[in-house]
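Remarks on the overall topology
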Protein chains: 2
Amino acid sequence: MENNTCCGCSRPDLPWAGRGTNLDISGCRFSLYPMDSNFVPIILGALEKTDTSAVWSQSDALSTVYRGRLPYVVDAVEGLFVNAWQPTVHMALEGQFSKGCPGDTDGDSLLTREGPGPNAQTIAGAHFPVLCKLALYPMGVSDYIDRIAEVWHMAEDAGLNPTSVHYATRINGDVQAVFDYLHAVCRHMEQTVPHYILHFTLSVNSPTAE
Amino acid sequence: MENNTCCGCSRPDLPWAGRGTNLDISGCRFSLYPMDSNFVPIILGALEKTDTSAVWSQSDALSTVYRGRLPYVVDAVEGLFVNAWQPTVHMALEGQFSKGCPGDTDGDSLLTREGPGPNAQTIAGAHFPVLCKLALYPMGVSDYIDRIAEVWHMAEDAGLNPTSVHYATRINGDVQAVFDYLHAVCRHMEQTVPHYILHFTLSVNSPTAE
């Protein structure tokens, strides 16, 4: 467990004691769920098509994590989602963007990349509608409700039709607009709070009518 | 949107302004992802088999939410998961337990139930191994890292083999032990912090070897 961290804990009696980083490391842990019996080739094919050279990456049986500078983390996750999308397959992507965990470490990251994201061209050609729910957690601050209010207004301004449901906010829009918004929320958070987590679920081709 | 709330916001310029509840309302918003082309009958069949008479329930295209007293919310979610489980289908359940949102409302809940959970008998007969990742967010308190440390030790004591990964903790065990732990974390949180969210993902029958 040498290089691992758990969100938000630095007690001396725990395996992630004494950690924390001042480096510019954002991360996203995510899982892709194609509701299809061919889910293995869909997931593996998407992972293979996605250029992850600009992030540090690790997969386990439950999820994959990308770590590095925020624009490249978003590029890799969005690239993967676009590469996994198929016109007739209902699919969900569940994930969490985060930065600033007091238990984080300097390692397991890639911070030297410059220039455009390696999946930018793939992403630029992709357009399909996405349903999204999200929940934002600015940690360790008593005025977290004001921080959440700010990003609600950002969703309105972006034309993503935010609606409030119990425990989450829903938005919807084109895949690029939704990822641009998630990216903007992360940028805003890293500028205003020491530690945040943004949980999100994206859904495409849902058979459920509303 | 009259009866809805968004986690953690009570600003007067937003649709959930002036809310908040002192009632004993816990909730769980969750999504079930059977990685199978027959996902619709699996999900609908599980929803139908599950007794949700002890909670308030609402579904949309992205997820379902159960609200009520904590033991009955856990009973309903665990009952649903057990009813959806099939021996050869890889399936994930993504969800978030929560209580204490300052934007919550007195409505959309059921608080009059007494006695054992209506799915207790179904659950008692179910045993299968579950992989789980979780992330706990005690909100609005500066010492949140200490709260997270406490539940790490609870997982050790429960024999669930906690390991720390970036942005989450992993545990594994029998389905009943995992839900008992999630339930115990929620109980502990409601006694120690004004507002918490516990995100979790359960996975069964994963083809990924580790």
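That block above? That's the structure.
Everything in this summary refers to the structure shown in the same document.

Criteria and thresholds
- Residues numbered from 1 in each chain as written.
- Chains lettered and ligands numbered in written order.
- Predicted model: local features only at pLDDT ≥ 70, side-chain atom pairs only at ≥ 80, totals over all residues.
- Heavy atoms only, no water.
- Salt bridge = Lys/Arg side-chain N within 4 Å of Asp/Glu carboxyl O.
- Helix = DSSP H or I, 4+ residues; strand = E, 2+ residues; numbered from the N terminus.
- Buried < 20%, exposed > 50% of the residue type's maximum accessible area, 1.4 Å probe, protein only.
- Contact = heavy atoms within 4.5 Å.
- Buried area = accessible area lost by both parts, 1.4 Å probe.
- Polar contact = N/O pair within 3.5 Å; in protein donor to acceptor, adjacent residues only side chain to side chain.
- Nonpolar A, V, L, I, M, F, W, Y, C, P; charged D, E, K, R; others polar.

1. Some points on the pattern of salt bridges
Evaluated as defined, the whole model comprises 18 salt bridges over all chains. Of the charged contacts in the structure, one is a salt bridge between Asp24(A) and Arg69(A), with a shortest N-O distance of 3.8 Å. Taken together, the positions of Asp24(A) in the segment before strand E1 (26-34) and Arg69(A) in the loop between strand E3 (64-68) and helix H2 (70-84) put the pair 45 residues apart, joining distant regions of the chain. A salt bridge links Arg170(A) to Asp60(B); the nearest nitrogen and oxygen atoms lie 3.2 Å apart. Of this pair, Arg170(A) sits in strand E7 (residues 168-174) while Asp60(B) sits in the loop between strand E2 (56-59) and strand E3 (64-68), placing the two residues on different chains. Look at Arg170(A) and you get buried, because its relative accessible area is 12%. Taken together, the salt bridges that share partners define one network made up of Asp24(A), Arg69(A), Lys99(A) and Glu190(A).

2. Details of the interface of chain B and chain A
It is common to report an interface's size as the accessible area lost on association of the parts. Contact with chain B, which involves 76 residues of that partner, is made by 76 residues of chain A. Of all residues in chain B, Leu62(B), His166(B) and Tyr167(B) bury the most surface against chain A, accounting for 15% of the area lost on that side. At the boundary of chain B and chain A, one finds four salt bridges. A salt bridge links Glu94(A) to Lys133(B); its shortest N-O distance comes to 3.0 Å. Linking chain B with chain A are 26 residue pairs in polar contact (both at pLDDT 80 or more). In the side of chain B that touches chain A, the residues fall into 36 nonpolar, 27 polar and 13 charged.

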